[in-house]
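Observations on chain architecture
Spelled out from the first residue to the last, the chains are:
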Amino acid sequence: MLELRNLSVHYGHKRVVDDVNLTLAPGQTLGLAGESGSGKSTVAMSVLRLLPRTARVEGEILLDGEDVATMSWGRLRAVRWAGASIVFQGAMHSLNPVQRVGDQIAEPMRLHGTRGSVRELLHRVELPPEKARAYPHELSGGQKQRVMIAMALACGPRLVIADEPTTALDVVVQAQVLAVLKRLVAEQDLGLMMISHDLSVLAETCDELAVMHRGELVERGRTREVIANPRHPHTAALTAAFPVIGDPAHRWAEPGRTAEPLLEVRDLTVDYGRTRAVDAVDLTVGRGEIVALVGQSGSGKTTLARTIMGLRKPSSGRVIFDGAEVPRSGKALKAFRRQVQLVLQDPASALNPRHTVRAAVAEGLRVHDVPGDEQSQVTAAVEHAELRPASLYLDSLPHELSGGQQQRVVIAGALVLQPRLLVADEPVASLDASVRGEIVALLLRLRRELGLASLIITHDLGLAWQIADRVAVMHQGKIVEQGSVEQVLLNPSHDYTRALLRAVPQV
Amino acid sequence: MRLASRLGGAALSLVMVAVLGFFLFRVVPGDPVVSMTRGRPTTAAMQAELRAQFGLDRPLHEQFWGYFTSLLRGDLGTSFTFRRPVSDVILERLGPTLLLVGTSTVIAVGLGLWLGVLAAWRRDSAFDRTTTGVSLTLWAVPTFWLGMLLMMVTGDLFPSRGMRDTDTAPDFLSQALDVGHHLVLPSLTLVAVVCAEYLLVMRSSLLEEMHAPYLTTARAKGLRDDLVRRRHAVPNAVLPAITLVFLRFGLVVAGAITTETVFSWPGLGLLFYDALTGPDYFLLQGLLVVTAGAVVVMNLLAELLYGVLDPRVKVV
């Protein structure tokens, strides 16, 4: 059905896809794995000739025997969506924000003159029909992704390409979306090409797996076999990067750490209007301890973190840091904030694109009027974050750095103030598999060398297994379970923890 | 609830405008009566009489209260120069201004947004470079200079002074044609000067949307390029331009001081000019209240319209 022959794509002199050969038969499911910049999305976009004009495409892209590259524009438009459709990453901006989703689903049907009803399509992705009248911003991430799937199926294509369909969704929602996709592919005998940086997601969904690295297809085979016996070192690195819960090899935190409390949260409640976002939470982080706060999106974990940092006033309850209640205002609050630093999920948006690394890292020093030589403090922080030698990076702008390097800059910006607690909100969620491991290792090393405690907020139980000493599970504003990593993740006592663990895709 | 707060905000702004209108011209140094009678021989008794006539001899708070209460009744005081109620003078000039500035603004907005869309869609093409370059040049050129240049270039083709000729037949059609004829040069000047504003805002706003993922979705669905633009890109890109357009509509009432002066167009802009040269304090005060009020009202309308066009903004 789909056949790529010697496909190469260049941007100027840069070759982003290099001589790729792939075939996909009807009813077959193929996973295309690789890190950002590996060329996997470029391959997907080339199938419907959606690459920007600056791209130069060589080789053949045969869709049912017909070469997409040489089609007339009219023929190409007819093939788009009716012959093959794409499930874009719906949590991002793949839906028009000012149009009702029902209209957006109906649009290709009207355009291609195919029969079908929005109601029926929504039913197939398990959404109630009244959601057709909703605008994208009124839907959750999972619902938007279902809308994308419904839209992709609107014209009854034989091939569906799913580009990172579950990235940015939490584990439970991801599992639901994957289930819907799997069911529909099986029911309708569709060909599915699924693109992801997450091998475990592909392992859940696809029979076949192809791995891309720097534009080349380095490995292809049955999913189980590729993952069990990777032949190419890059595949091996990808499989190793995703922690398996319960596997001692993936448990990087040194065990056996008992600590006196640094941060204590007692009976903390936060209300948004009538909504109780955080409900009577007790939580402790010891000196030098790493605690993972896990839960789905909307469970209140981010609100809890913001309240701990003094960015939000609690409705009731106390936050105690280093034996003293956290001040609510004034100089004392500022001094407290210096000791507790925040690391956000997406370094690209956390960094000001026009500030050099030096300016970004030094900003905290200036805000807090830290005495001493700025240059040496910035250099030390940047080197602590493993950007060595610092002189190489100090004058770079964020866009000149890779995602992993950007996250190190964010961490350096926190370290420069010599904090005692790091609050990290999904610190590795937007990073590639190989980089992710490096950042995890960095956080652990900072703990070892500087005694830095961390509160890691994540929906990723694998990360908790890798890095944390203790885990607290949050659900609907409450901490439903907390304890040591082994105890919570291997012998969960609460149903919700068990549900979370079940939703984790298994490699 | 949100609507109420928006309305309340607008009402508060209007009150501020009224207060500002009063005190702005009171803190300006100089005695209004002295400047009003400048160049004419006056006695202290005549000045005192004038003061009494315009209520300037009363304490400031009484003056303000009198001004504020009559404002609420729609009474803006009496003009020094015209010796007539300010509201009558303003109303009389409102029509010509709405005609000139209203027409030009509608044309400039339409043309600017349309050219902006085309320029962004064909970024860096000859079309983009030419339209952007030409409109920027016109934007940079002084208005009076452009007006005079147009007068010279077109020669006797179009009238260059006033709004109508005295010898035109009194029937509606001839009058309308005459006014239309007079309208050509001043409105052309205005369109040429302000068009760039909308063009540039629309262009940059659309350029920002050009790489939005939902446009890739639309293309992948098989939509023709112009449909991708019309149905998906423009409805999103036009949003930032809305506020600008409505602020501009609010300023329509302020007239176009330079253009109206150059072409002797009997509108509010020319009235502003005359009131400033007077200076006619009550007239200036009245003009300020009316024009600022129009901006506040239009801004409110823009916010309400925004709520209709962008579902993410909940106004009502």
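Residues numbered from 1 in each chain as written. Chains lettered and ligands numbered in written order. Predicted model: local features only at pLDDT ≥ 70, side-chain atom pairs only at ≥ 80, totals over all residues. Heavy atoms only, no water.

Side note on the overall build of chain B
The number of helices and strands found in chain B is 14 helices and zero strands. Each helix (α) and strand (β) of chain B, taken in turn from the N terminus, gives the series α-α-α-α-α-α-α-α-α-α-α-α-α-α. Its C-alpha atoms put chain B at 85 × 55 × 40 Å along the principal axes. Among the 316 residues that make up chain B, the fraction classed as buried is 46%. For chain B, the share of sequence-separated contacts (at least 6 apart) that also reach a separation of at least 24 residues comes to 74%. Per element, the accessible surface of chain B, about 15,800 Å² overall, is 68% carbon and sulfur. Here chain B contributes 26 positive and 24 negative side-chain charges, whose respective centroids are spaced 9 Å apart. (Helix = DSSP H or I, 4+ residues; strand = E, 2+ residues; numbered from the N terminus. Buried < 20%, exposed > 50% of the residue type's maximum accessible area, 1.4 Å probe, protein only. Contact = heavy atoms within 4.5 Å. Areas by Shrake-Rupley, 256 points an atom, 1.4 Å probe, with all protein chains shown as cover. Lys, Arg positive; Asp, Glu negative; His and termini not counted. Charge placed at Lys NZ, Arg CZ, Asp CG, Glu CD.)

Quick look at the overall build of chain A
A tally of regular secondary structure across chain A gives 19 helices and 20 strands. Relative to the compact-globule value of 23 Å for 507 residues, chain A shows a C-alpha radius of gyration of 24 Å, a close match. With the principal axes as the frame, chain A shows a C-alpha extent of 70 × 50 × 45 Å. For chain A, the residues scored as buried account for 55% of the 507 residues in total. In chain A, once contacts between residues fewer than 6 apart in sequence are set aside, the share between residues at least 24 apart is 69%. When the accessible surface of chain A is totalled, it reaches about 21,100 Å², and 48% of it is carbon and sulfur. In chain A, which carries 57 positive and 57 negative side-chain charges, the distance between the mean positions of the two groups comes to 5 Å. (Rg over C-alpha atoms; globule rule 2.2 N^0.38 Å.)

Observations regarding the side chain of Ser-454 of chain A
Residue and element names in this part refer to chain A. Here Ser-454 lies in strand β18 (residues 453-458). The class of Ser-454 is buried, set by a relative accessible area of 2%. For Ser-454, the residues in contact, after removing those within four places along its chain, are Val-285, Glu-289, Ile-290, Val-291, Leu-421 and Leu-422.

Examining unusual backbone geometry
Residues and elements named next belong to chain A. Looking along the chain, the bond that leaves Arg-388 and enters Pro-389 is cis, with omega of -10°. Within the secondary structure, Pro-389 is located in the loop between α14 (374-384) and α15 (403-415). Residue Asp-64 is not a glycine yet carries a positive backbone phi of 50°. Relative to the elements of secondary structure, Asp-64 occurs in the loop between β4 (55-63) and β5 (66-67).

Here's the deal with a nonpolar patch on the surface
On the surface, a nonpolar cluster with roughly 490 Å² of combined accessible area is contributed by Phe-144, Trp-145, Met-148, Leu-149 and Val-153 of chain B. Structurally, the position occupied by Phe-144 of chain B is in helix α7 (residues 143-154). (Patch = residues over 30% accessible without salt bridge, like charges linked within 9 Å, V, L, I, M, F, W, Y side chains within 5 Å. Salt bridge = Lys/Arg side-chain N within 4 Å of Asp/Glu carboxyl O.)

Some remarks on the confidence of the model for chain B
For chain B, mean pLDDT is 86; residues scoring 70 or higher make up 96% of the total. Here the predicted complex scores 0.81 on pTM and 0.80 on ipTM. (pLDDT = per-residue confidence, 0-100.)

Focus on the interface of chain B and chain A
The interface is formed by 22 residues belonging to chain B together with 25 residues belonging to chain A. Taken over both partners, the interface formed by chain B and chain A buries close to 2,000 Å², and the fraction arising from carbon and sulfur atoms is 62%. Three residues stand out in chain B for area buried against chain A, namely Ala-220, Lys-221 and Pro-311 of chain B, and they jointly supply 31% of the buried area on that side. The tally of links between chain B and chain A comes to two salt bridges. (Buried area = accessible area lost by both parts, 1.4 Å probe.)

With respect to the nonpolar core
Residue and element names in this part refer to chain A. Among the nonpolar cores identified, the biggest contains 87 residues, and Leu-2, Leu-4, Leu-159 and Met-194 are the most heavily contacted of them. Setting aside chain neighbours within four positions, we find Leu-159 in contact with Met-1, Leu-2, Leu-24, Val-47, Leu-63, Gly-83, Ala-84, Ser-85, Gly-191, Leu-192 and Met-193. Formed by 59 residues, the second largest nonpolar core is a distinct cluster that contains Ala-362, Ala-414, Val-485 and Val-504. (Core = buried A, V, L, I, M, F, W, Y, C linked by side-chain atoms within 4.5 Å.)

Focus: the pairing of β4 of chain A
Residues and elements named next belong to chain A. In terms of strand pairing, strand β1 (residues 2-11) meets β4 through eight bridges, oriented antiparallel. When the bridges of β4 are listed, Ser-8 appears paired with Glu-58. Examined bridge by bridge, β4 and β5 share two bridges and lie antiparallel to one another. The residue bridging Leu-63 from the neighbouring strand is Glu-66, located in β5. Linking β4 back to β5 in an antiparallel pair, the connection comprises two residues, with Asp-64 at a positive phi of about 50°. (Pairing = 2+ DSSP bridges.)

A closer look at the sheet that holds strand β3 (residues 29-33) of chain A
Residues and elements named next belong to chain A. Reading across the sheet, the six strands line up as β6-β7-β8-β3-β9-β10 and stay open at both edges, with mixed pairing between neighbours. Taken across any chain shown, the strands that pair with only one partner, and hence form the sheet edges, are β6 (84-87) and β10 (216-222). Shown here is a sheet whose adjacent strand axes are inclined to one another by a mean of 20°, direction ignored. Packing of helix α5 (residues 141-153) onto the sheet brings it into contact with β6 and β7 (159-163), and relative to β6 it is tilted by some 175°. (Axes fitted to C-alpha atoms, helices over the stretch in contact; angles between N-to-C directions.)

What to know about the packing of aromatic side chains
Per the counting criterion, the structure on display carries nine aromatic pairs over all chains. Taking 5.3 Å as the distance between ring centres and 80° as the angle between the ring planes, the aromatic pair formed by Phe-321 of chain A and Phe-336 of chain A counts as edge-to-face. With a gap of 15 residues between them, Phe-321 of chain A in strand β14 (residues 316-321) and Phe-336 of chain A in helix α11 (residues 330-339) connect regions that are remote in the sequence. An identical accessibility class is assigned to Phe-321 of chain A and Phe-336 of chain A; each is buried. The ring centre of Trp-73 of chain A lies 4.8 Å from the NZ or CZ of Arg-49 of chain A, which sits over that ring. The ring of Phe-127 of chain B carries Arg-122 of chain B above its face, with NZ or CZ at 5.2 Å from the centroid. (Phe/Tyr/Trp six-rings, centres within 6.5 Å; stacked < 30°, edge-to-face > 60°. Lys NZ or Arg CZ within 6 Å of the ring centre and 35° of its normal.)

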